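Topology and contacts: notes
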There are 2 protein chains.
Amino acid sequence: MAHKPRKEMIAETRAKLIAAARHAFATQGYAEASMDDFTGQAGLTRGALYHHFGDKKGLLQAVIAEIDAEMSDRLCAISSRAKTAWQGFVDENIAYIEMALEPEIRRIMLLDGPAVLGDPSNWPNQNACLRSMTASVQKLIDEGTIRHVDAEATARLVNGATLSAALWIAGAEDPEAASRKATEAFLVMVSGLLKETVPA
Amino acid sequence: MAHKPRKEMIAETRAKLIAAARHAFATQGYAEASMDDFTGQAGLTRGALYHHFGDKKGLLQAVIAEIDAEMSDRLCAISSRAKTAWQGFVDENIAYIEMALEPEIRRIMLLDGPAVLGDPSNWPNQNACLRSMTASVQKLIDEGTIRHVDAEATARLVNGATLSAALWIAGAEDPEAASRKATEAFLVMVSGLLKETVPA
DNA sequence: TCAATTAACATACGTGGCGTATGCGAATAA
DNA sequence: TTATTCGCATACGCCACGTATGTTAATTGA
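For clarity, every value in this text was computed on a predicted model and none was experimentally measured. (Residues numbered from 1 in each chain as written. Chains lettered and ligands numbered in written order. Predicted model: local features only at pLDDT ≥ 70, side-chain atom pairs only at ≥ 80, totals over all residues. Heavy atoms only, no water.)

**Digging into the protein's contact with DNA strand C**
In plain terms, the rule: By convention in this text, a residue qualifies as near a molecule or strand provided that one of its non-hydrogen atoms is within 4 Å of it. Polar contact is the term for a pair of N or O atoms within 3.5 Å; when the atoms are in protein, one must be able to donate a hydrogen and the other to accept it, and sequence-neighboring residues count only if both atoms are side-chain atoms. Helix numbers and strand numbers start at the N terminus; a helix is a DSSP run of H or I with at least 4 residues, a strand a run of E with at least 2.
Around DNA strand C, the surrounding shell holds 18 residues, and the nearest of these are Arg46 and Tyr50 of chain A together with Ile10, Thr45 and His52 of chain B. Counting only the atoms of DNA strand C that lie within 4 Å of the protein, the sugar and phosphate share comes to 69%. Here Tyr50 of chain A contributes a side-chain N or O atom positioned 2.3 Å from a phosphate oxygen of DNA strand C. Side-chain polar atom of Lys56 of chain A to a phosphate oxygen of DNA strand C: 2.8 Å apart, as the coordinates give it. If you tally residues by element for the surface near DNA strand C, the top one is helix α3 (residues 46–53) of chain B, at five residues.

Set out below in C-alpha cells:
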C-alpha cells in the first residue's frame, strides 16, 4: 500500500483539523470546545494545530473562511437563477435567512465569530457574502430599479435585518409563523428602496 | 463612625461587583476578563461573586440587565420628545445607532452578550430596548401611519439593520461618511413601511 | 437570653485548558 | 552524505475557573 505524496498529507491534516474544529465549534461553541478533544478526535494533537494555524483564533478564522465561501457559493447560485435583478436580490436575502437558521452557521458565523474576531466587516479576506450582497445592490442602482443610495451601507443594513430576523425565528416559540411574519415585513420594508411601487 | 445598615452593605457589594465587571468586560472583553482581577479591584474576592451571581455568566447577565435598562431609558426619552410618532421612531433608531457606537455597548451588548448568553431575543426579562421598539411600531400601525405588518418582526428587522450599521460605522475607515451613508440608506429603506410617501 | 441556624463573604484546593519550549523522524537541500 | 528545514508529537508551566470548606456576623426561635 503506497503512501500518499507529502503535499497531500499536509493538506489532509489541515482539512481534518478544520473539519473537526468546525464540528466542535458548531455543537459546543467556540469557548467550550477543547482543543485537546477535537484534535484527538481527528487523530492528531495540539502540536499540529499550532503549527498550521498559530492558535485557536487562527483555526476559527480558517473555519469561518470555509463556511463563508460555501455560503457565498450558495447565494450566488440562487441570485443567478432569478429572472430579474430585484427578484434575485429578494431571493438572496430570503435564502440568507434560511441559512442563518442552520445551527452551525448561527453559532459560528453569527455568534462566536463576531465575539472572538470582532465584527465581520473588519474580517480581511472573507465575508464574501457581504461583497456579493453589495454587488447585487449596486447592480440594482445601476439599472435604475432602486433609488440612488450607498450600496455598501444598504447591503449592511439589509444583511443586518435578515440576520436579526433569523436569530429571532430560531428562538421563537412558533418558527413557522415567525418566518412568515419576518418575510412579509422584510418585503414591505425593502420596498422602500424601489423607485416605483413594487411590481410583484 | 457608624457602620451602614446590613441591607445597604449587601447592595453595595453587588453594585461594586457589577461596576467592576462592567468595566472589565467593556475594556478587555468577557473571555479575557479575569474574575480574580476585577473582584480584587473592587476590594472583594471571587467568593462574593459566586455567592451573589452563581458564576461568570450570571454576572454578565446582571451587567447586561443594567445596561439594557439604561439604553431603554435613553431611547424612551428621545422618542417621547418627538413631535410625531414616525419622527420618534426614526429618532429612536438613529439614537440606537449612536449608542451602538459606544465601545462598552458594542462589546458587551452586541458581541459578547449574544455569544455567551445566546441571542438577545431569548433573554428573559431584559431587552427592554426591543420591547420599546416593538411598541413604537405597534403605535404607528394603530394610528395608520405605516402598513399593517407584524410589529415584533418589523422591530427585529429594523433593530438588526441599525445594529449592523453601527458595527459597520465603528469599523469604517471614515466613520463620519459611513454614518451619513448609513443614515440616509436607513431612511430610504424604512420609508417602505409608510402607507404614503415620506412626509419629511 | 442564649443556642442554633443561616447569610455573606474569604480561603484553599483540584482540575482543565491554553501557550510555549522542546524533541524527533522524515523529507529536502547542499 | 551531511545539514537543515518541515511536520507534528510530547512535555512543561501557568492561569483561570468552579467547588469545597472555613469564618464571622446577623437572625431566628424557644
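Back to the write-up after that little detour.
**Describing the pattern of salt bridges**
Our working definition: Whenever a carboxyl oxygen of Asp or Glu lies within 4 Å of a side-chain nitrogen of Lys or Arg, that contact is scored as a salt bridge. Burial status follows relative accessibility: with a 1.4 Å probe on protein chains alone, a residue under 20% of its type maximum counts as buried, one over 50% as exposed, and anything between as partly exposed.
Inspection of the entire model under this criterion finds 16 salt bridges over all chains. Linking Glu66 of chain A and Arg22 of chain A is a salt bridge whose minimum nitrogen-to-oxygen distance equals 2.7 Å. Within this pair, whereas Glu66 of chain A is found in helix α4 (residues 56–81), its partner Arg22 of chain A is found in helix α1 (residues 6–28), the two being separated by 44 residues in sequence. Classification of Arg22 of chain A by relative accessible area gives buried; the value is 13%. Across the pair Asp150 of chain A and Lys181 of chain B runs a salt bridge, and its minimum N-O distance is 3.8 Å. Pair noted here: Asp150 of chain A is in the loop between α7 (128–142) and α8 (151–171) and Lys181 of chain B is in helix α9 (residues 175–190), and the two residues belong to different chains. Classification of Asp150 of chain A by relative accessible area gives partly exposed; the value is 23%. Exposure remark for Lys181 of chain B: the relative accessible area of 36% places this residue in the partly exposed category. Each of the salt bridges in this network shares a partner with another, and the network as a whole consists of Arg22, Glu66, Glu70 and Glu104 of chain A.

**Considering the domain arrangement of chain A**
Residues and elements named next belong to chain A. Defined as follows: The split of the chain into domains comes from an automatic or database domain assignment. Two residues form a contact once any of their heavy atoms are found within 4.5 Å. Accessible area, probed at 1.4 Å, shrinks when two parts are joined; the buried area is that loss added up over both.
What the domain assignment reports for chain A is domain 1 (1–54) and domain 2 (64–193). Here the C-alpha centre of domain 2 lies 30 Å away from the C-alpha centre of domain 1. With six residues of domain 1 at the interface, the matching set in domain 2 holds eight residues. Summing both partners gives a buried area of about 680 Å² for domain 1 against domain 2, and 56% of it is carried by carbon and sulfur. Contact with domain 2 buries surface across domain 1, with Arg22, Ala26 and Tyr30 losing the most and accounting together for 75% of the total. Taken together, the links from domain 1 to domain 2 amount to three salt bridges. The tally of links from domain 1 across to domain 2 stands at four residue pairs in polar contact (both at pLDDT 80 or more).

**Focus: the relation of the copies chain B and chain A**
Our working rule: In this comparison the copies share one frame, found by least squares on the C-alpha atoms of residues holding pLDDT of at least 70 in both.
Rotating chain B by 180° and translating it 0.0 Å along the rotation axis places it on chain A, where the RMSD comes to 0.0 Å. The two molecules are tied by a two-fold rotation axis, judged by turn and shift. By C-alpha distance to the rotation axis, the residue of chain B lying nearest is Gly192 of chain B, at 1.7 Å. By residue overlap, the copies meet face to face through one surface: 100% of the interface positions of chain B are interface positions in chain A.

**A closer look at the packing of aromatic side chains**
Residues and elements named next belong to chain A. Quick note on the threshold: Centres within 6.5 Å are what make two rings of Phe, Tyr or Trp a pair, Trp counting through its six-membered ring; a difference in plane orientation under 30 degrees is then read as stacked, over 60 as edge-to-face, and the rest as tilted. Distance and angle both matter: a charge sits over a ring if NZ of Lys or CZ of Arg is within 6 Å of the ring centre and within 35 degrees of the ring normal.
All chains considered together, the criterion is met by six aromatic pairs over all chains. Between the aromatic rings of Phe25 and Phe38, the centroid separation amounts to 5.7 Å while the plane-to-plane angle is 80°, which identifies the pairing as edge-to-face. Of the two residues, Phe25 is situated in helix α1 and Phe38 in helix α2 (residues 35–41); the sequence distance between them amounts to 13 residues. Through pairs of rings, three or more aromatic residues link up here, namely Phe25, Tyr30 and Phe38. The cationic tip of Lys56 hangs over the ring face of Tyr30; the distance from NZ or CZ to the ring centre is 4.6 Å.

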